[in-house]
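Fold and geometry: a report
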Amino acid sequence: AGAETSLDLRGVCVGDAVWLLDPAQWGERPSDAELCALLSHELAHALWHQCAAAPAGGPTAGMPTWFREGFAVVVAEGPPQAAAIRRLNALDLADAAYADDTRIGELGSLLYVAAAYAFHRWHGQFGRRGLAALQRELRRGEPFARAFLRVCAVSDRAFIADLHARLACGQL
């Protein structure tokens with residue numbers, strides 16, 4: 001995460017397999033802390049896959065960027081700092097929340113802050129029980145949107161829209 005984007009491909013997780021680009025191939029030699037943060041982020045993706053993948057072993061259907069990347073950032077780095085959250089005021093949270101790879105590249109590190117903020121707020125509201133319930137629904141083969149609605153009694157898009165409205169009003 002940090003200042004890099006998923007399009008840098010310094011690390012990638014597919015299912016529960018993690019690959020890291022040889023640090024010698026990075027533009028600047030990474031510090032041990034940077035390597036640890038990247039590995040932790042990618043391992044968080046693998047952990048999610050192992051906990052939530054349907055029996056067929058495929059990826060969880062339709063998981064939005066805010067949840068997928070937010071989970072990985074919060075697990076690897078903790079919740080975003082208040083100063084980073086304040087930078088989100090100029091960003092449409094809904095845009096970041098459902099970004100495709102092209103948009104992720106355009107938003108850069110701000111995307112990861114937005115995703116971490118949204119996931120952290122969700123987790124603050126639904127907690128470990130909500131996370132476990134969502135994982136159970138996904139393991140049963142439910143698409144993310146349906147599983148989220150069943151667990152949270154609100155759609156993921158409505159959750160993000162409400163969070164965006166609160167952020168716009170300065171309710172960090």
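To keep things clear, this report deals only with the structure shown in the data block. Keep in mind that this is a model prediction, so the values were computed, not measured. (Residues numbered from 1 in each chain as written. Predicted model: local features only at pLDDT ≥ 70, side-chain atom pairs only at ≥ 80, totals over all residues. Heavy atoms only, no water.)

**So, the pattern of salt bridges**
Summed over the entire model, instances satisfying the criterion amount to 9 salt bridges. Linking Arg103 and Asp95 is a salt bridge whose minimum nitrogen-to-oxygen distance equals 2.6 Å. Given a relative accessible area of 27%, Asp95 falls into the partly exposed group. For Arg146, the salt bridge is made with Glu142, and the minimal N-O distance between the two is 3.1 Å. Classification of Arg146 by relative accessible area gives partly exposed; the value is 47%. (Salt bridge = Lys/Arg side-chain N within 4 Å of Asp/Glu carboxyl O. Buried < 20%, exposed > 50% of the residue type's maximum accessible area, 1.4 Å probe, protein only.)

**Structural notes on the nonpolar core**
By size, the foremost hydrophobic cluster in this structure holds 42 residues, and its most contacted members are Trp48, Trp66, Phe67, Leu88, Trp122 and Leu134. When residues of this core are traced back to their parent elements, those giving at least two are helix 1 (32-52), helix 2 (65-77), helix 3 (82-86), helix 4 (93-97), helix 5 (101-107), helix 6 (109-139), helix 7 (144-152) and helix 8 (156-168). Here this core gets 14 residues from one element, more than from any other, and that element is helix 6. Beyond its immediate sequence surroundings of up to four residues, Phe67 is in contact with Trp48, Phe119, Trp122, Leu131, Leu134 and Phe144. (Core = buried A, V, L, I, M, F, W, Y, C linked by side-chain atoms within 4.5 Å. Helix = DSSP H or I, 4+ residues; strand = E, 2+ residues; numbered from the N terminus. Contact = heavy atoms within 4.5 Å.)

**Looking at a nonpolar patch on the surface**
Side chains of Val12, Val14 and Trp19 sit close together on the surface and give an oily, nonpolar patch of about 280 Å² of accessible area. Tracing the chain through its elements places Trp19 in strand 2 (residues 17-20). (Patch = residues over 30% accessible without salt bridge, like charges linked within 9 Å, V, L, I, M, F, W, Y side chains within 5 Å. Areas by Shrake-Rupley, 256 points an atom, 1.4 Å probe, with all protein chains shown as cover.)

**Things to note about the packing of aromatic side chains**
Per the stated rule, a full pass over the model turns up 14 aromatic pairs. Ring centres of Trp66 and Phe148 lie 5.9 Å apart, and the angle between their planes is 85 degrees; on these two criteria the pair is classed as edge-to-face. In this pair, Trp66 sits in helix 2 while Phe148 sits in helix 7, placing the two residues 82 residues apart along the sequence. Note on accessibility: Trp66 and Phe148 belong to one class, buried. Ring centres 5.7 Å apart and planes at 85 degrees place the aromatic pair Phe71 and Phe119 in the edge-to-face group. Of this pair, Phe71 sits in helix 2 while Phe119 sits in helix 6, placing them 48 residues apart in sequence. A residue is classified by how much of its surface remains accessible, and Phe71, at 6% relative accessible area, is buried. Pairwise contacts between aromatic rings join Trp48, Trp66, Phe67, Phe71, Phe119, Trp122, Phe126, Phe144, Phe148 and Phe159 into one cluster. Between the NZ or CZ atom of Arg157 and the centre of the ring of Tyr98, over which it lies, the distance is 3.7 Å. (Phe/Tyr/Trp six-rings, centres within 6.5 Å; stacked < 30°, edge-to-face > 60°. Lys NZ or Arg CZ within 6 Å of the ring centre and 35° of its normal.)

**Comments concerning helix 1**
Helix length check: helix 1, at 21 residues, gives a terminal C-alpha distance of 30 Å against a target of 30 Å (1.5 Å per residue), a fit within 8%. Elements that come into contact with the buried residues of helix 1 comprise strand 1 (11-14), strand 2, helix 2 and helix 6. (Expected span 1.5 Å × (residues − 1).)

**A closer look at the side chain of Glu142**
Turning to its location among the elements, Glu142 is positioned in the loop between helix 6 and helix 7. Taking the relative accessible area as the measure of exposure, Glu142 reaches 14% and is therefore buried. A polar atom in the side chain of Glu142 sits 3.1 Å from the side chain of Arg146. (Polar contact = N/O pair within 3.5 Å; in protein donor to acceptor, adjacent residues only side chain to side chain.)

**Here's the deal with unusual backbone geometry**
Here the phi dihedral of Ala153 falls at roughly 60 degrees; this positive angle occurs in a residue that is not glycine. As for its placement among the helices and strands, Ala153 is situated in the loop between helix 7 and helix 8. You can call Ala153 exposed: its relative accessible area is 69%.

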